[in-house]
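# Structural characterization, general
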Amino acid sequence: MPQHVTAGPVHRSVPTPAGRIHLVEQGTGPLVLLVHGFPESWYSWRHQLPALAGAGYRAVAIDVRGYGRSSRPEAVDAYRMLDLVEDNVAVVRALGERSAVIVGHDWGATIAANSALKRPDVFRAVGMLSVPYTPRGGPRPSEVFAGMGGDQELYVSYFQEPGRAEAEIEPDVRGWLAGFYAALSADTMPASHEADPHFVSRGGTLRDRFPAGRLPSWLGEDDLDVYAGEFERTGLSGALNRYRNMDRDWADLADLDGAPITQPSLFAGGGLDASTRWLADAIDAFPTTLPGLVSSHLLDGCGHWIQQERPAEVNRLLTGWLAVLPA
């Protein structure tokens, strides 16, 4: 594959329904929009921006509404999925493009999937990292999650009440992030016989179960400083409000119940990631739910932060997939 000589990444903000979305772009060519998850930022794509630019694409990584230098509306319901889809459309339009390939990680994968479903006129292909596509359906999400913990509480339920998780995280953002990233990374996650960091003991905190004292190999002190610096400045409410809209999304997206994504798609996840283990049935259903699937990959020995834990491998998968997409 020919490599293109590209300038370094450029930061800018563009107008969207949120107010503004901050983005970082590198390269020229077909637009590839990169959407991060929780608790991350555009910086989660630092390894992909130059790789995609070098392969001949206009790579654009955004700060999702509520994160980083993007606008942070006050209202909890300003973070519903339909609003995030419209932000993505507005970014594409503001960049002077008519269409884009969209790639997301974690929550970004779900945002990317719904962007493809709601606006197939704009998003011609979709890549999902770590969180497999699961069509809308079934009971109200809050009811599902409330029933998962037994005498413990799933982190998604723990995040629902405004201010509760913020009270745990914001007194020591850097330390909390370090523990959260380590808890879901292949080389630092708790062993299978240890307490699961996705759950909270009654009266406890998530941090009680985080590994302590060691950063995962993909996360340098300088990288952690970038993430911590952003969240120390913004707080966590904008990021956590995504979780607080899951029931609204369930109602808003009723027209998509069971809908397949027909555009060309890619999935890649970590073999050690709870997202791929818990949603194994969703992966098995891809022939029905993702009829346009080009390739699906589980990376052995990889955790949740796939494009940061295995950047070279993910870059090869993405550029290989992009190269075979229809123009």
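Note: the structure precedes this text.
So, here is what we can say about the structure in this document. (Residues numbered from 1 in each chain as written. Predicted model: local features only at pLDDT ≥ 70, side-chain atom pairs only at ≥ 80, totals over all residues. Heavy atoms only, no water.)

What follows is about the overall build of the protein chain. Helix and strand counts for the protein chain come out as 15 helices and 10 strands. On C-alpha atoms alone, the protein chain measures out to a radius of gyration of 18 Å, which is about the 20 Å that the 2.2 N^0.38 rule sets for 327 residues. By residue count, 56% of the 327 residues in the protein chain fall in the buried class. Looking at the protein chain alone, contacts between residues at least 24 apart form 77% of all its contacts between residues at least 6 apart. Across the protein chain, the 28 positively charged side chains and the 40 negatively charged ones have centroids separated by 5 Å. (Helix = DSSP H or I, 4+ residues; strand = E, 2+ residues; numbered from the N terminus. Rg over C-alpha atoms; globule rule 2.2 N^0.38 Å. Buried < 20%, exposed > 50% of the residue type's maximum accessible area, 1.4 Å probe, protein only. Contact = heavy atoms within 4.5 Å. Lys, Arg positive; Asp, Glu negative; His and termini not counted. Charge placed at Lys NZ, Arg CZ, Asp CG, Glu CD.)

Our next topic: the sheet that holds strand E5 (residues 100-105). Pairing within the open sheet is mixed, and its eight strands lie in the order E1-E2-E4-E3-E5-E6-E9-E10. Two strands in the sheet have a free side with no partner beyond their single neighbour: strand E1 (10-16) and strand E10 (293-299). Here the average twist between neighbouring strands, direction ignored, is 20°. Relative to E5, strand E3 (residues 31-35) is paired through four bridges, and the arrangement is parallel. (Pairing = 2+ DSSP bridges. Axes fitted to C-alpha atoms, helices over the stretch in contact; angles between N-to-C directions.)

Below, the discussion takes up the nonpolar core. One recurring pattern in soluble globular proteins is that nonpolar side chains are buried together. If you look at the biggest cluster of nonpolar residues, it comprises 100 residues, and the most contacted ones within it are Leu33, Phe38, Ile62, Val103, Phe159, Leu177 and Trp321. With sequence-adjacent residues up to four places away left out, Leu33 is seen in contact with Val60, Ile62, Asn88, Val91, Val92, Val101, Ile102, Val103 and Phe123. (Core = buried A, V, L, I, M, F, W, Y, C linked by side-chain atoms within 4.5 Å.)

So, on to the environment of Leu256. The topology assignment puts Leu256 in the loop between helix H10 (246-252) and strand E9 (265-270). Residue Leu256 is classed as buried on the basis of its relative accessible area, which comes to 10%. Once you skip the residues sitting within four places of it in the chain, Leu256 turns out to touch Asn114, Leu117, Lys118 and Arg136.

Following the criterion strictly, the structure yields 18 salt bridges and no others. The closest approach of N and O atoms between Asp223 and Arg46, which form a salt bridge, is 3.6 Å. Of this pair, Asp223 sits in helix H8 (residues 221-234) while Arg46 sits in the loop between E3 and helix H1 (48-54), and the two are 177 residues apart along the sequence. Of the residues examined, Arg46 reaches a relative accessible area of 14% and is grouped as buried. Taken together, the shared-partner salt bridges in this structure form one network comprising Arg12, Glu25, Arg58 and Glu97. (Salt bridge = Lys/Arg side-chain N within 4 Å of Asp/Glu carboxyl O.)

Attention shifts here to the packing of aromatic side chains. Scanning the entire structure with this criterion turns up 21 aromatic pairs. When the centroid spacing of 5.8 Å and the interplanar angle of 80° are considered together, the rings of Tyr155 and Phe159 count as edge-to-face. Exposure class is identical for Tyr155 and Phe159. Each is buried. Sitting above the plane of the Trp107 ring, Arg242 keeps its charged end 4.6 Å from the centroid. (Phe/Tyr/Trp six-rings, centres within 6.5 Å; stacked < 30°, edge-to-face > 60°. Lys NZ or Arg CZ within 6 Å of the ring centre and 35° of its normal.)

Right, let's talk about unusual backbone geometry for a bit. Residue Phe38 is joined to Pro39 through a cis peptide bond whose omega torsion reads -15°. Assignment of secondary structure puts Pro39 in the loop between E3 and H1.

Inspection of the secondary structure assignment puts His105 in strand E5. In this structure, His105 is in contact with Val35, His36, Gly37, Glu40, Trp45, Leu129, Ser130, His304, Trp305, Ile306 and Gln307, ignoring residues within four places of it in sequence.

Between its terminal C-alpha atoms helix H3 (residues 107-118) stretches 16 Å, which fits the 16 Å expected from 12 residues at 1.5 Å a residue. Across the 12 residues that make up H3, a large majority, 10, are buried. Of the positions making up H3, those classed as buried are Trp107, Gly108, Ala109, Ile111, Ala112, Ala113, Asn114, Ser115, Ala116 and Leu117. On its buried side, H3 packs onto E3, helix H2 (81-94), E5, strand E6 (123-129) and H10. (Expected span 1.5 Å × (residues − 1).)

The next thing to look at is the packing of helix H7 (residues 173-183) against H8. Viewed as axis vectors pointing N to C, H7 and H8 meet at an angle of 125°, and their least axial separation amounts to 9 Å. As summarised for this structure, H7 and H8 are arranged oblique, according to the angle between their axes. Taken as a pair, H7 and H8 cross one another with a handedness that is right-handed. Counting all contacts with H7, which are made through Val173, Arg174, Leu177, Ala178 and Tyr181, the residues of H8 involved are Glu221, Leu224, Asp225, Tyr227, Ala228, Phe231 and Glu232. Residue composition of the contact of H7 with H8, grouped by class: eight nonpolar, no polar and four charged. (Parallel < 35°, antiparallel > 145°, perpendicular 65-115°, else oblique. Left-handed = near helix turned anticlockwise from the far one by under 90°. Nonpolar A, V, L, I, M, F, W, Y, C, P; charged D, E, K, R; others polar.)

Take the pairing of E5 next. Within E5, six of the six residues are buried, leaving the element largely enclosed by the surrounding structure. Side chains Ala100, Ile102 and Gly104 of E5 all project onto a buried face; the interleaved residues Val101, Val103 and His105 project onto the opposite face, where all are buried too. Of the pairings in the sheet, the one linking E5 to E6 comprises six bridges and is parallel in character. Residue Ile102 lies in a different strand from E6, and its bridge partner there is Val126. For the segment spanning E5, H3 and E6, crossover handedness is right-handed. (Right-handed = clockwise from strand over helix to strand, strands pointing away.)

Now for the pairing of E1. Bridging between E1 and strand E2 (residues 19-26) involves seven bridges; their strand directions are antiparallel. Residue pairing for E2: Thr16 is matched across the bridge by Gly19.

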